[in-house]
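Below are the chains, spelled out letter by letter.
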Amino acid sequence: MVEFKEDVSIVLGGAAGQGIQTVEEILTRVLKLSGYNVYANKEYMSRVRGGINTTEIRISSKKVRAFVKRIDILIPFKRGVLPWVEKRLTENTVVLGERENVEEEYLSKINFVEVPLNDMAKEVGSSLYLNTIAAGLVVGLFHGDFEVLKEYLRKRFGSKGEEVVSKNIEAAKKGYDLGIKLCEEKTIGIDIKKDEKVRKEVLLSGTEAVALGAVAGGMNFLSFYPMSPSTGVAVFSAQHAEDFEIIVEQVEDEISAINMAIGAWFAGARGMVTTSGGGFALMSEALSLAGMAENPVVIHLAQRPGPATGLPTRTMQGDLNLALYSGHGEFPRIILAPGSIEEAFYLTAEAFNLADRDQVPVIILTDQYFVDTYYNLPDVDLGKIKVEKHIVETDKDYKRYKLTEDGISPRGIPGYGEGVLIANGNEHDEWGDITEDEELSRLMQEKRAIKKLETIRKNAMMPELVGKDDAKYMIVAWGSTYHVIREALETLGREDVAFMHFKWVYPLPEKVKELLEGKFLIDIEQNVTAQFAELLKKELGVEIHHRVLKYDGRPFSVEEVVEALKGVLE
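Counting of residues starts from 1 at the beginning of each chain's written sequence and follows it residue by residue. Note on the predicted model: pLDDT of at least 70 is required for a residue's local features to be given, and 80 or more for side-chain atom pairs to be given and counted; whole-chain, interface and lining totals, by contrast, use all residues. Computation of side-chain values covers all heavy atoms of the structure but excludes hydrogens and water.

**Thoughts on the sheet that holds strand β15 (residues 361-367)**
Rule in force here: A pair of strands is treated as paired once DSSP finds two or more bridges between them. A run of DSSP states H or I qualifies as a helix once it reaches four residues; a run of E qualifies as a strand once it reaches two. Both are numbered from the N-terminal end. To obtain each axis, a line is fitted to C-alpha atoms, and for helices this fit is confined to the stretch in contact; angles are then taken between N-to-C directions over 0 to 180 degrees.
Taken in spatial order, the seven strands of this open sheet run β11-β10-β12-β13-β15-β14-β20, and their pairing is mixed. The two strands at the open ends of the sheet, each matched to only one other strand, are β11 (247-250) and β20 (504-506). Strand-to-strand twist in this sheet, taken as the mean axis angle between neighbours without regard to direction, amounts to 25 degrees. The pairing of strand β12 (residues 271-275) with strand β13 (residues 297-303) spans four bridges and is classified as parallel. The residue of β13 that forms the bridge with M272 is V298.

**A few points about the pairing of strand β3 (residues 37-43)**
Consecutive side chains along a regular strand alternate between the two faces of the sheet. Quick note on the threshold: Only protein chains enter the accessibility calculation, which uses a 1.4 Å probe; a residue is then buried when its area is under 20% of its type maximum, exposed when over 50%, and partly exposed in between.
Counted residue by residue, β3 has seven buried out of seven residues, so it is predominantly covered. Here β3 shows no split at all, with N37, Y39, N41 and E43 on one side and V38, A40 and K42 on the other all buried. As consecutive antiparallel partners, β3 and strand β4 (residues 50-60) are separated by six residues. Note: β3 against strand β16 (residues 374-377), two bridges, orientation antiparallel. For Y39, the partnering residue across the bridge sits in β16 and is Y375.

**Overview of the pattern of salt bridges**
Applicable threshold: We define a salt bridge as a contact between a side-chain nitrogen of Lys or Arg and a carboxyl oxygen of Asp or Glu at a distance within 4 Å.
What the rule picks out here adds up to 37 salt bridges. Its salt-bridge partner being E464, residue R486 comes within 3.7 Å of it at the nearest N-O pair. In this pair, R486 is assigned in helix α17 (residues 482-492) and E464 in strand β17 (residues 464-466), connecting sequence segments 22 residues apart. Taking the relative accessible area as the measure of exposure, E464 reaches 30% and is therefore partly exposed. For R494, the salt bridge goes to D496, with nearest N and O atoms at 2.7 Å. In this structure R494 comes out as partly exposed when scored by relative accessible area, which is 30%. One network of salt bridges, with partners in common, ties together D7, R58, R70, D72 and E487.

**Overview of the nonpolar core**
Worth spelling out the cut-off: Note on terminology: a nonpolar core comprises buried Ala, Val, Leu, Ile, Met, Phe, Trp, Tyr and Cys residues joined through side-chain atoms within 4.5 Å. In what follows, a contact means two residues having at least one pair of non-hydrogen atoms within 4.5 Å.
The biggest cluster of nonpolar side chains holds 88 residues, and the ones touching the most others in it are M272, I335, L365, F502, L516, F532 and L536. The element that contributes the greatest number of residues to this core is helix α14 (residues 341-358), accounting for nine residues. Leave out the neighbours within four places in its chain, and L365 touches L301, Q303, D319, L320, A323, I335, L336, A337, P338 and W478. Judged by nonpolar contacts, the second largest core, of 56 residues, contains V38, L117, I133 and I180.

**A word on the sheet that holds strand β22 (residues 546-549)**
Whenever strands of a sheet pair, they do so through backbone hydrogen bonds, lying parallel or antiparallel. Strand order in the open sheet formed by five strands is β17-β19-β18-β21-β22, with mixed pairing between adjacent strands. Taken across any chain shown, the strands that pair with only one partner, and hence form the sheet edges, are β17 and β22. Averaged over all adjacent pairs, the angle separating strand axes in this sheet is 20 degrees, with direction ignored. Across three bridges, the pairing between β17 and strand β19 (residues 497-502) is antiparallel. Opposite L465, over in β19, you have M500 as the bridge partner. Contacting β18 (473-478), β19, β21 (520-525) and β22, helix α19 (residues 531-540) crosses the sheet at an angle of about 135 degrees to β21.

**What to know about the packing of helix α10 (residues 254-266) against helix α12 (residues 284-293)**
To keep things clear, this is the line we draw: These descriptions rest on fixed angle ranges, namely under 35 degrees for roughly parallel, over 145 for roughly antiparallel, 65 to 115 for roughly perpendicular, and the rest for oblique. Crossing handedness is read from the near helix: turned anticlockwise from the far helix by less than a right angle, it gives a left-handed crossing, and turned clockwise, a right-handed one.
Direction vectors running N to C along α10 and α12 enclose 15 degrees, while the axes themselves pass 9 Å from each other. In terms of orientation, α10 lies roughly parallel with respect to α12. Considering only the axes of α10 and α12, their crossing is right-handed. Along its contact with α10, which presents I258, N259 and I262, the element α12 presents A286, L287, L289 and A290.

**Overview of the pairing of β18**
What counts here: Here a crossover is taken to be right-handed if, once the strands point away from the viewer, the path from the first strand over the helix to the second is traced clockwise.
Burial analysis of β18 places six of its six residues in the buried class, which makes it a mostly covered element. Residues of β18 alternate between two faces, with Y473, I475 and A477 on one and M474, V476 and W478 on the opposite face, all of them buried. Handedness of the crossover joining β18 and β19 through α17 is recorded here as right-handed. Across four bridges, β18 lies against β21 in parallel orientation. Looking at β21, one finds that Y473 is bridged to F520.

**Thoughts on helix α8 (residues 231-239)**
Looking only at α8, the buried set comprises T231, V233, A234, F236 and S237. Against α7 (206-216), β10 (221-224), α9 (241-244), β11, β12 and β13 lie the buried residues of α8.

**Let's talk about the side chain of Q359**
Following the sequence through the fold, Q359 ends up in the loop between α14 and β15. Judged by its relative accessible area of 3%, Q359 is buried. The residues touching Q359, leaving out its near neighbours within four places in the chain, are E294, N295, P296, L354, R400, I408, S409, P410, R411 and K452.

**Remarks on a negative patch on the surface**
Applied cut-off: The patch calculation keeps residues exceeding 30% relative accessible area without a salt bridge and links them within 9 Å when they carry like charges or within 5 Å when they are nonpolar (Val, Leu, Ile, Met, Phe, Trp, Tyr). Working definition of accessibility: Shrake-Rupley area with a 1.4 Å probe, residue cover restricted to the visible protein chains. Residues scored as charged are limited to Lys and Arg (positive) and Asp and Glu (negative), so that His and the chain ends carry no count. We put the charge of a Lys on NZ, of an Arg on CZ, of an Asp on CG and of a Glu on CD.
A cluster of like negative charges, contributed by E393, D395, D397 and E418, occupies part of the molecular surface. As for its position among the elements, E393 is in the loop between β16 and α16 (438-458). Judged by relative accessible area, which is 56%, E393 ranks as exposed.

**As for the environment of A349**
Structurally, the position occupied by A349 is in helix α14. For A349, a relative accessible area of 3% puts it in the buried group. Each C-alpha atom of the pair A349 and G97 lies 45 Å from the other, and the pair is 252 residues apart in sequence. If near-sequence neighbours (up to four positions away) are discounted, A349 is found in contact with G213, A216, G217 and I385.

Pasting the structure below:
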């Protein structure tokens, strides 16, 4: 018998169109409602049909948040899955499936348990029920709550009629009974503790957290042009637009999308645009318009590998420089990069306050790995969120671009007060009228690019320190690598290694330099040129001693980070 304790990594693999994501959806929700901590992430090829797609689901006695390389249980839905995940297989991997889906050369390397999934599906009535049988099988292996599974299937397939519902429940029961049987016969042993508190927790993806955080932050207008992996934020928002009382507009291109969001802010709304690297590149001119007009706007930029189309369904942290330097001329912006799903909720909400307060573009950087990750967490605390508006009622002497010590002028909106409001993409005087005056031009440039930037820097969020502040070694990282690094450090168990995670990426607070002095600094990020390490050097004069980089379109695994750190520390 192969036995798994405390933490199990299950991978399901098949072709696009075989329902892998349906199984993921069923399992994460049903196992969570059965009291298990769950984590899930998918990888998929850029095609509608065919290829190999996989999803990893971790079920654990404790909360897990990170991708692992190892596969404990593999369920292949087609031939070709095992070669695709070959580097992740171990001598303890159990493969559950049909013999025809397992290549001959792997039989001696794995623990193969033949399971006639397709035949069982045909017994129910069609091969289409294969994914429901597989879901039932996994739930049975964990002795999950079958009543919860039944209820979920009723909701999931209820719109397709009672016959479809009853057939799916029948298929799930066949798989469930087989899973129980495999455990009773001691073919597979699974020892994972349930936690009743988990049943009441929420299951969120990175996509949903960004969308919900935006709504909590007062977003009432969202514009977009579809581009993976950012589109999910718009789709989720549109699905719930009536509930949230927001407007969601799919427009003809990314240029229109950002200009509509800028216009929404000008009129007094709170707008966001969601896009990916190629779409953001098209927004560069409008970004400069926001900079010159000192008009707030929030942009969610979900990164994927480039250049050009690159790997459109893969992950990377390659757009930091794009976010930093996009737009002609010199003007400040704020760049945020959440590391956890809960942080994405709170940080996205806060982005709207920051844009409103500082009258700058605020860019939220995520990536494909982050937005497609799910896990359970305690319900978010709406009490932590306060919508802060900085709009003023204008008077007759209102100056939209008044020169101030902190670089931030009073922002009015049309129709609120007696003042005349002029927004201008040309250089302008304090009222907003076009000017080419030498002295005014100089003062306005300094106001935007120096004074306002320094005001923002003074208010910048400090990074989170994990571990001791006097540790000899300090890992620095940003964005979605947060949880994988934390779990790697737990695995290493060394007190001389700490981790500094940056969710506020730009502008960097000056105090960070003091915290990093005297440490051996290890930068971990997912791009070719260590963009954040270069930013630390440029902004603060901080030199990184060692770089751990990954840029093949796949996320870091816990094991990869552990091995990389061992190579440095030992």
